[in-house]
Every structure is written in structure tokens, then in C-alpha cells.
Amino acid sequence: MRILVTGGAGFIGGHLAEAFAADGHDVVVLDNFDPYYDTRIKDHNVEVGREAAEAGDGSYDLVEGDVRDADLVADLVADADYVYHQAAQAGVRTDYSPRKYDEVNVDGTLNVLDAAREHDIERLVFASSSSVYGKPRYLPYDEAHLTTPISPYGASKLAGERYAMVYAERYGVPAVALRYFTVYGPRMRPNMAISNFVSRCLNGEPPVVYGDGTQTRDMTYVADVLAANRALLDTDAADGEVMNVGSTDNIDIETLATEIRDQLAPELDVEHTDAYDVDADHSHADVSKANDLIGYEPTYTIREGVEAFVEWYRENREWYEPLVRNS
Ligand code: NAD
């Protein structure tokens, strides 16, 4: 199969591209190496993808370009059997203007959808986000929960997701949207809580929690996200559907920081700084719909995932840590 992974030099896209290439597929990555975090991580992700293709029977091609370039996107989608649309201005906390989120996450997505409407593809998988929910009316969130995002990022992901579902309904595009819940793991974006806590503790610095640490999160290990995406190669059961992809294992940020501290540097205190007002207080996934439709079942508890990440971090400390410190 020929698989286009937009944003394939990024964290999640990098894992998808690596896995698909290792499985023997022909992978094409479209990424503009947006410098909102250190792009050396993206260079590394590309290396890993190329090595996976060489080790397996697959191929790996990198196209440096922008999802806002409609002609380029149309050409790439025309050649693809599957499209995994991961490219986005990611993260609720970046200081980009709402227009940047809109241009990349909404217009860029429309380019992909228009191309998918023109060309027969097997499936289009859109990377959505738990941030579409906003403040919880009840927890865990199921997909019927109100969507009232509280950040420009969340609003743009919701718009992209809604367009994907409209294109599925009206134009027959076989689109699926996966609402990811805080994804972490090897090669994760350096500006996220787990990479920061681990890095600071290993360097004898207290982990810093935003706010009072009572915020709760469903933290999803990247291997589980990969499994959900892989399942969509083999089934059309979720076409036209939005599904939560989380771990269901909930933790508050104070406990997360304290446990990482206890494991890596018990002599340190946990420190606190101001909370970000675009962060949801709580997020918790009900994944029964994804379980019903595609057999999705998270396999990593947060403690297991953090342990796996710390092990990877230690092995890759030399190149990865300076990038976390630099973010
Ligand atoms: P990431 O930033 O590592 O990956 C996104 C990639 O898209 C980057 O490599 C970036 O260079 C690329 N990109 C950005 N703008 C682009 C453009 N205009 N044209 C082409 N490429 C562009 O982020 P990630 O954590 O891997 O997230 C992947 C997807 O999953 C995103 O759509 C994000 O919104 C979504 N998501 C991530 C999480 C998470 O916790 N990591 C949670 C919910 C949703």
C-alpha cells in the first residue's frame, strides 16, 4: 500500500511512518519542518523512518512541503491509497495567533479533504484531539459529549474534524477522526510535561508543575495510538466516525510529577508555577466506541508507559536531552 503521512516528520506521524515502512508499505511523508520545536528531532524521525524502510520491504520518501499548498497536496493524495493526516500546528500552549492554527489546521485539512474527494483513496485518517471537548460536563468523555473548545488550537481541530465528517457524509470520502488524548513516548515533542519532568529530575532540577497539579489527564502511550491507526488499514467499520483514542488510565499532574521525581531524584521538591488558562482542567477518555468499531484496547498504563519512556530517554539522552533543554 502507498501511504501518505502528512506531518510524518513529527512525533506521532514519525511513529506511523516508521511502522508502516517497517510493515513493507510505501510511505510518503509530507512535512514542512515547522520550527516551533527543535527540528533536529524531526531530522531524527526521518532517519528512523528511512532505516525502517531499509530494514523491511517498504520504501520511504520525504517531501518537504506545506499542507497549505493545495496543488502539492493534490498530487500526493492522487498517488496514495491511505492518507494519515497528522500535520498541524499542534499544542494548545504555543503562542501562535488563531490565524496560524486556522491556516494550517483548517485550510490545510481542507486541501487534504478536497484532494481525497477528487481521488479514490481507501481511507483518510484525521488526527483530532481531546481539546475539542473543552470543559467537561461529565467524565469520562464519550464522543457525544458537548464540544466547546477553550483554545484556538482546540477550535481549529474541531473545525478540521467537522469538515472531515461532512466530506464523509456528503461526498463519500472514507474519513475517520481519532481524538487523541495527550500522547507521549519516545521522540515525543520536547515541550510536554513528561519529557520536561524526566529531563529536569535527571539533571537535579525540581520538576515544575503548571498550577496546583490537580489537573487530571488521560496519558496515551504512542504505541497504543499506533495500534489504533494500524487497525484502520484493515477495516472500513469506522468510516464517517469520530472516536476517542486514550489510555483510560487517569492521573493528576501532581502525582505524575511526584512519581517521576520519586523514581529519578527523590531528594528534589516538586515546584509549581502559573497554570495556563487554555489547558483543560480534566480529561479522561471513554474508548468504548473505538473498542466496538476497531477493537481498540489501550495496553499501557501510565506507569508502564512512563517507565518505557524513561528507559528510552536514558538510552537516547545524548542527542535528545539537549533538544528538550532547548525547548
Ligand atoms: P508534531 O508537531 O510533532 O507533528 C506535527 C508535524 O506537522 C510536525 O512535524 C510539523 O513540522 C508538521 N507541520 C506543521 N505545520 C505543517 C504544514 N503547514 N505543512 C506540513 N507539515 C506541517 O505533533 P504531534 O504531537 O506528532 O501531533 C500529530 C497530530 O496529532 C497533530 O495533528 C496534533 O494536532 C494531533 N494531536 C497530538 C496530541 C499529542 O498529545 N501529541 C494530542 C492530540 C492531537
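Residues numbered from 1 in each chain as written. Predicted model: local features only at pLDDT ≥ 70, side-chain atom pairs only at ≥ 80, totals over all residues. Heavy atoms only, no water.

You'll find the chain entered in an unreviewed UniProt entry as GDP-mannose 4,6-dehydratase, with Halosimplex pelagicum given as the organism. Per UniProt, the comment on the chain under Sequence similarities (unreviewed entry) is "Belongs to the NAD(P)-dependent epimerase/dehydratase family." (UniProt positions renumbered as here; feature names shortened; annotations may be inferred.)

Asker: Could you give me a rundown of the UniProt feature "domain: NAD-dependent epimerase/dehydratase" (unreviewed entry) in the chain, with the residues and numbers involved?
Answerer: Under the feature "domain: NAD-dependent epimerase/dehydratase" (unreviewed entry), the UniProt entry names residues 3–246. Helix makes up 40% of residues 3–246 and strand 20%, and the two end C-alpha atoms of the span are 24 Å apart. (Helix = DSSP H or I, 4+ residues; strand = E, 2+ residues; numbered from the N terminus.)

Asker: Run through a negative patch on the surface, naming residues and quoting values.
Answerer: A surface patch of negative charge is lined by Asp43, Glu47, Glu51, Glu54 and Glu64. Of all the elements, helix H2 (residues 40–55) adds the most residues to the negative patch, at four residues. In this structure, Asp43 sits in helix H2. (Patch = residues over 30% accessible without salt bridge, like charges linked within 9 Å, V, L, I, M, F, W, Y side chains within 5 Å. Areas by Shrake-Rupley, 256 points an atom, 1.4 Å probe, with all protein chains shown as cover. Salt bridge = Lys/Arg side-chain N within 4 Å of Asp/Glu carboxyl O. Lys, Arg positive; Asp, Glu negative; His and termini not counted. Charge placed at Lys NZ, Arg CZ, Asp CG, Glu CD.)

Asker: Describe in detail the side chain of Arg261, supporting the description with residues and values.
Answerer: Mapped onto the elements, Arg261 comes out in helix H8 (residues 253–264). For Arg261, the side chain forms a polar contact with the side chain of Asp262, separated by 2.8 Å. When residues no more than four places from it in sequence are discounted, the contact partners of Arg261 are Cys201, Pro207, Pro266, Leu268, Asp269 and Val270. (Polar contact = N/O pair within 3.5 Å; in protein donor to acceptor, adjacent residues only side chain to side chain. Contact = heavy atoms within 4.5 Å.)

Asker: Lay out the packing of helix H10 (residues 302–315) against helix H11 (residues 317–325) in plain terms, naming residues and giving numbers.
Answerer: Taken N-terminus to C-terminus, the directions of H10 and H11 make an angle of 105°; their axes are 6 Å apart at the nearest point. Of the possible angle classes, the one that applies to H10 and H11 is roughly perpendicular. For the pair H10 and H11, contact is made by Phe309, Trp312, Tyr313, Arg314 and Glu315 and by Arg317, Trp319, Tyr320 and Glu321, respectively. A breakdown of the residues in the contact of H10 with H11 according to their chemical character gives five nonpolar, no polar and four charged. (Axes fitted to C-alpha atoms, helices over the stretch in contact; angles between N-to-C directions. Parallel < 35°, antiparallel > 145°, perpendicular 65-115°, else oblique. Nonpolar A, V, L, I, M, F, W, Y, C, P; charged D, E, K, R; others polar.)

Asker: Describe the site of the ligand, with residues and values.
Answerer: Within the structure, the ligand sits among 31 residues, and Asp31, Tyr37, Tyr153, Val183 and Arg189 are positioned closest to it. Separating an oxygen atom of the ligand from a backbone N or O atom of Phe11 is a distance of 2.9 Å. Between the ligand and Tyr153 there is a distance of 2.6 Å, counted from an oxygen atom to a side-chain nitrogen or oxygen. In isolation the ligand offers 820 Å² of accessible surface; the protein chains occlude 98% of this area. In terms of residues, the shell around the ligand owes the most to one element, strand E5 (residues 123–129), which gives three residues. Of the residues that constitute the shell around the ligand, the class distribution is 16 nonpolar, eight polar and seven charged. (Near = heavy atom within 4 Å.)

Asker: How would you summarise the pairing of strand E4 (residues 82–85) if you had to cite specific residues and measurements?
Answerer: Along any regular strand, the residues point their side chains to alternate faces of the sheet. A two-sided burial pattern is seen for E4, the buried positions comprising Tyr82 and Tyr84 on one face and Val83 and His85 on the other. Sheet topology note: the strand E1 (residues 2–6)/E4 ladder contains four bridges and is parallel. The residue bridging Val5 from the neighbouring strand is Tyr84, located in E4. Where E4 lies against E5, four bridges are found, and the strand directions are parallel. The residue bridging Tyr84 from the neighbouring strand is Val125, located in E5. Tracing the backbone out of E4, into helix H4 (residues 98–118) and back to the parallel element E5 gives a crossover that is right-handed. (Buried < 20%, exposed > 50% of the residue type's maximum accessible area, 1.4 Å probe, protein only. Pairing = 2+ DSSP bridges. Right-handed = clockwise from strand over helix to strand, strands pointing away.)

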